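The residues making up each chain are set out below.
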Amino acid sequence: MTRDFIHINDFVILVEEANTTKVEVDACYFDEPIVAVAFYGSGNVDLAVKYDEKQKDFHYTKGLSFAFYADEKVEFEHTVSPNKSLRCIVVATKLSKLEELPNQEGELFSDLLKELVKPKDHYVEGPSFFMTPEMENIVDAFFSNNYSGKTKMMFYRSQITALLSHFFGQLALKQEEVSKPLHREQLNKAKDILLENLENPPSLSELSQAIGFNTTRLKKEFKAIFGVPVFKYLQNERLTSAYKLISENEATVQEAAWQVGYDSLSSFSNAFAKKFGYRPSQIK
């Protein structure tokens, strides 16, 4: 487990990463009331939020972003296992410092996260959604950059600004669409079917039938919830899975391409370079 605290303006950035060969539990607290946004990267670690006699469990965290308020009585407990690693970024600010944030960021928190600014419990959960590919790329970059010193801090500062901009932008869009009927349970099922069949995914028609939608509704509502079309989401997950296989020496580039459903090595390499900015053969 690695845990780094980075101070940028009046934000505290918590960067956590853990891989393990056995099941391990790690807990952390905040020492005073904070308002924060958490961003979960690759891996699919379990999270339990505990306070008083209450507990909120998250069993699917990969790609999840959510806002929350927490005071010093709240425990955040991650359960890390060999197939559920942890990559998490938490952007937090002290509740007492909210009005002092630069660039009108405090106003964004107050306008879009009202329930967190005036909390009624030790822990209050705000809006949550699965990140867009652009947001996932920013989170991935936190754990794969090779910068150091002042350059690394400059990089972190720019990435945090971009990540928060995407988060509040998506949040504003979703609040505009709050009246639209979205079927979260069926769409989560569709997403799970895709994730379980990366190598040989169903057609759009087959996926629609599996969740009881027609293809038009599936395309519209999947994009509304997850931010991207069905097969753009599939491609992103394929490439993320391939990156993990190659970087952890579990497969060669060719084997990784086959395992995530690419028949053409050149197509795989081009798609990989477009997402990550470099070829799979350049992973160290």
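Residues numbered from 1 in each chain as written. Predicted model: local features only at pLDDT ≥ 70, side-chain atom pairs only at ≥ 80, totals over all residues. Heavy atoms only, no water.

Teacher, can you tell me more about the sheet that holds strand β10 (residues 123–130) here?
Within a sheet, neighbouring strands are paired by backbone hydrogen bonds and run either parallel or antiparallel to one another. Strand order across the open sheet formed by six strands is β1-β2-β9-β4-β7-β10, with antiparallel pairing between neighbours. Either end of the sheet is taken by a strand with one partner, and the two such strands are β1 (2–8) and β10. Going from strand to strand, the sheet's axes swing by 15° on average, the running direction of each strand aside. In this structure, β1 lies alongside strand β2 (residues 11–18), joined through seven bridges in antiparallel fashion. Of the residues in β2, the one forming a bridge with F5 is L14. (Pairing = 2+ DSSP bridges. Helix = DSSP H or I, 4+ residues; strand = E, 2+ residues; numbered from the N terminus. Axes fitted to C-alpha atoms, helices over the stretch in contact; angles between N-to-C directions.)

Would you take a moment to explain the environment of V124 for this structure?
Looking at where V124 falls in the secondary structure, it is placed in strand β10. C-alpha of V124 to C-alpha of V35: the two residues are 89 residues apart in sequence and 9.4 Å apart in space. Beyond its immediate chain neighbours, meaning those up to four positions away, V124 contacts F68, Y69, E115, L116 and P119. (Contact = heavy atoms within 4.5 Å.)

Is there a simple way to explain the packing of helix α5 (residues 184–196) against helix α7 (residues 215–226) in this structure?
Helices that pack against each other are described as a pair by the angle of their axes relative to one another and the distance between those axes. Interaxial distance between α5 and α7 falls to 10 Å at its minimum, and their mutual angle equals 90°. Classified by the angle between their axes, α5 and α7 sit roughly perpendicular to one another. Along the contact surface, α5 presents R184, L187, N188, A190, K191 and L194, while α7 presents L218, E221, F222, I225 and F226. (Parallel < 35°, antiparallel > 145°, perpendicular 65-115°, else oblique.)

So what exactly am I meant to see when it comes to unusual backbone geometry here?
Across the chain, the bulk of peptide bonds are trans and the bulk of non-glycine residues have phi less than zero. We note that D52 has phi near 50°; this positive angle belongs to a residue other than glycine. Within the fold, D52 resides in the loop between β5 (46–51) and β6 (54–58). D52 gets classed as exposed once you look at its relative accessible area, which sits at 53%. In this model, N249 sits at a positive phi of 60°, which is unusual for a non-glycine residue. Secondary-structure assignment places N249 in the loop between α8 (230–247) and α9 (253–259). Residue class for N249 comes out exposed when judged on its relative accessible area of 70%. (Buried < 20%, exposed > 50% of the residue type's maximum accessible area, 1.4 Å probe, protein only.)

What is the right way to look at the packing of aromatic side chains in this model?
What characterises a pair of aromatic rings is the spacing of the ring centres plus the angle enclosed by the ring planes. Counting across every chain of the model gives 28 aromatic pairs. Aromatic pair Y60 and F130: ring centres 5.8 Å apart, planes at 65°, arrangement edge-to-face. Of this pair, Y60 sits in the loop between β6 and β7 (64–70) while F130 is found in strand β10, placing the two residues 70 residues apart along the sequence. Between F268 and F272, the ring centres sit 5.8 Å apart and the planes meet at 55°, which makes this aromatic pair tilted. (Phe/Tyr/Trp six-rings, centres within 6.5 Å; stacked < 30°, edge-to-face > 60°.)

Got a minute to help me understand helix α10 (residues 265–276) in this structure?
Every α-helix carries 3.6 residues per turn, so stepping three or four residues along brings you back to the same face. When the terminal C-alpha atoms of α10 are compared, their 16 Å separation across 12 residues agrees well with the 16 Å that a helix rising 1.5 Å per residue should span. Buried within α10 we find F268, S269, A271, F272, K275 and F276. End-on, the buried residues of α10 take up no more than an arc of 170°, which puts them together on one face. Where α10 is buried, its residues meet α3 (133–144), α8 and α9. Remark: G277 follows α10 within two positions and exhibits a positive phi of approximately 90°. (Expected span 1.5 Å × (residues − 1). Arc of directions from axis to C-beta.)

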